[in-house]
Amino acid sequence: MQKVAVIGAGTMGNGIAHVFAQNGFAVHLIDVSQPALDKALVTIGKNLDRQLAKASITEEIKQQTLTNLQTFTSLAAGVKNTELVVEAATEQTELKLKIFRELDEHTGPDVILATNTSSISITKIAAATGKPGKVIGMHFMNPVPVMKLVEIINGYATEKAVTEKITALSEQLGKVPCVVNDYPGFIANRILMPMINEAISSLYEGVAGVNEIDTVMKLGMAHPMGPLQLADFIGLDVCLSILNVLYDGFGNQKYAPCPLLVNMVTAGFLGVKSGEGFYKYTAGSKDLVVSARFSR
């Protein structure tokens, strides 16, 4: 496998493109927005500079990584002659189904179609194509150049040879693959999101404050960041979307999103991406400041 297409130039897409390009693959980064593609290349360049400053790569590797990247605003042109497509578009079911219908039209029968979805059914996505055996989940963690895990999700019809190939490919990228089956939330979010939801519920019910909840989990359970800070980092809208998938998929009240989370997303307080969630984020500052809405 030499040539890979990545669909979506956002945080996950540019990170996935970065990792493939750094490991010697020719990468076609695809997005409908040229400004988004331009921004992605700037981000990848900055992340490579950070690696260079830490001496984890050489100047030669940086330049070769950038050389390995091409951008496209046309899906048909971008996936031409590729052997693997990794979709990393916004976490919206209908959008992903639309993309996979188009991929089915513009890729050959042996091209593997992977999705970076964190919660949407692989089986449902695969059913939008004429080759469900070639569809698989390849869920990278954020930030992609740093995090080692790739959660590989088998759809109901995913071929064993496809799973084996994607597992080996993940190892080639320097990642640690974990193969799981296609049920709501897979493993990562089936376990993580109820924890985040419970932390939000504890805040909602007045059991403890933002700082106290996060400190308990950081110092008591050795988590690198508390669940409320992590929710802000992921995006509260993304957390809500995943919880809704879990709730709809299992029909179990334990997955029902906390009303506080619903209200915050409705009001546009989405965490880091909007500048405020459980914490307040100021450009250029690394200080962690609890939002005034939750200050005691």
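Residues numbered from 1 in each chain as written. Predicted model: local features only at pLDDT ≥ 70, side-chain atom pairs only at ≥ 80, totals over all residues. Heavy atoms only, no water.

By the naming in an unreviewed UniProt entry, the chain is 3-hydroxybutyryl-CoA dehydrogenase, taken from Chitinophaga cymbidii.

Quick notes on the overall build of the chain
To keep things clear, this is the line we draw: The way it works is that DSSP assigns letters per residue, a run of H or I at least four long becomes a helix, a run of E at least two long becomes a strand, and they are numbered from the N terminus. The reference for a compact globule is 2.2 Å times residues^0.38; the radius of gyration itself is calculated from the C-alpha atoms. To sort residues, take the accessible area from a 1.4 Å probe on protein chains only and compare it with the maximum for the residue type: under 20% means buried, over 50% means exposed, and anything in between is partly exposed. Note on areas: Shrake-Rupley with a 1.4 Å probe; residue coverage comes only from the protein chains shown.
When helices and strands are tallied, the chain shows twelve helices and ten strands. The C-alpha radius of gyration of the chain comes to 20 Å, within 12% of the 19 Å expected for a compact globule of 296 residues. Expressed along its principal axes, the backbone C-alpha trace of the chain runs to roughly 60 × 45 × 35 Å. Out of the 296 residues belonging to the chain, those deemed buried represent 49%. Of the accessible surface of the chain, which amounts to about 14200 Å², a share of 55% is contributed by carbon and sulfur atoms.

Topic: the UniProt feature "binding site: NAD(+)" (unreviewed entry) in the chain
Rule in force here: UniProt positions are given in the numbering used here, feature names are shortened, and annotations may be inferred rather than shown by experiment. Two residues qualify as a contact provided that any one of their heavy atoms is within 4.5 Å of a heavy atom in the partner residue.
When the UniProt feature table is mapped to this numbering, "binding site: NAD(+)" (unreviewed entry) covers G8, A9, G10, T11, M12, G13, D31, E91, K96, S118, N142 and K273. Of note, S118 is situated in the loop between β5 (112-115) and α6 (122-126). Exposure remark for S118: the relative accessible area of 11% places this residue in the buried category. Those residues in contact with S118 that lie beyond four places of it in its chain are E91, H139, G185, F186, N189 and I242.

Some remarks on the packing of helix α8 (residues 188-204) against helix α10 (residues 227-234)
The line we're drawing: Fitting a line to C-alpha atoms yields each axis, with helices limited to the stretch in contact; the angle taken between N-to-C directions then spans 0 to 180 degrees. In this scheme the crossing of two helices becomes right-handed for a clockwise turn of the near helix relative to the far one and left-handed for an anticlockwise turn of less than a right angle. Residues are sorted three ways: Asp, Glu, Lys and Arg are charged, Ala, Val, Leu, Ile, Met, Phe, Trp, Tyr, Cys and Pro are nonpolar, and all the rest, Gly among them, are polar.
Where α8 contacts α10, the two axes come as close as 9 Å, and the packing angle between them is 115°. For the pair α8 and α10, the sense of crossing is left-handed. Contact residues: L192, M193, M195, I196, A199, I200 and L203 in α8; P227, L228, L230, A231 and I234 in α10. Among the residues forming the contact of α8 with α10, the class breakdown is twelve nonpolar, no polar and no charged.

Some remarks on unusual backbone geometry
The phi angle of most residues is negative, glycine excepted, and most peptide bonds adopt the trans form. In this structure, the amide linkage connecting N142 to the following residue, P143, adopts the cis form with an omega of 0°. Summarising the element assignment, P143 is placed in the loop between β6 (135-140) and β7 (149-154). Of note, the phi angle at N81 is positive, near 65°, even though the residue is not glycine. Tracing the backbone through its elements, the reader meets N81 in the loop between α4 (75-79) and β4 (84-87). Judged by relative accessible area, which is 59%, N81 ranks as exposed.

Examining the UniProt feature "domain: 3-hydroxyacyl-CoA dehydrogenase C-terminal" (unreviewed entry) in the chain
Residues given the UniProt feature "domain: 3-hydroxyacyl-CoA dehydrogenase C-terminal" (unreviewed entry) here are residues 185-281. Its end C-alpha atoms 28 Å apart, residues 185-281 is made of 63% helix and 2% strand.

Notes on the environment of L149
Structurally, L149 is set in strand β7. Separated by ten residues in the primary sequence, L149 and H139 place their C-alpha atoms 8.4 Å from one another. With sequence-adjacent residues up to four places away left out, L149 is seen in contact with H139, F140, M141, V176 and C178.

Describing the domain arrangement of the chain
Note the cut-off: Residue ranges assigned to the domains are those given by an automatic or database domain assignment. Accessible area that two parts lose when put together, evaluated with a 1.4 Å probe and summed over both, is termed the buried area. We count a salt bridge whenever a side-chain nitrogen from Lys or Arg sits within 4 Å of a carboxyl oxygen from Asp or Glu. Throughout this description, a polar contact denotes any pair of N or O atoms lying within 3.5 Å of each other; where both atoms belong to protein, one of them has to be capable of donating a hydrogen while the other can accept it, and for residues adjacent in sequence the pair is counted only when both atoms sit in side chains.
Domains assigned within the chain are domain 1 (3-181) and domain 2 (187-291). Taking the mean C-alpha position of each, domain 1 and domain 2 sit 27 Å from one another. When domain 1 packs against domain 2, close to 610 Å² is buried across both sides, 58% of that on carbon and sulfur atoms. Among the residues domain 1 hides against domain 2, the three largest losses belong to S118, S119 and E151. Together they make up 51% of the total. The interface formed by domain 1 and domain 2 holds zero salt bridges in total. Counting across the domain 1 and domain 2 interface gives three residue pairs in polar contact (both at pLDDT 80 or more). Grouping the amino acids of the side of domain 1 that touches domain 2 by side-chain chemistry returns two nonpolar, four polar and two charged.

Considering the packing of α8 against helix α12 (residues 259-267)
Stated formally: Each angle gets one of four labels, with under 35 degrees taken as roughly parallel, over 145 as roughly antiparallel, 65 to 115 as roughly perpendicular, and the rest as oblique.
Packing of α8 against α12 brings their axes to within 8 Å, and their N-to-C directions diverge by 95°. It follows from the interaxial angle that α8 and α12 lie roughly perpendicular. Across the interface between the two elements, N197, I200, L203 and Y204 of α8 pack against P259, L260 and L261 of α12. Grouping the constituent residues of the contact of α8 with α12 by class yields six nonpolar, one polar and no charged.

Describing the state of the cysteines
The line we're drawing: Cysteine sulfur atoms that pair up within 2.5 Å are treated as a disulfide.
Going through the model one piece at a time under the given rule, you end up with zero disulfides. Here C239 is not disulfide-linked; the sulfur of C258 is the nearest cysteine sulfur, at 12 Å. Judged by its relative accessible area of 2%, C258 falls in the buried class.

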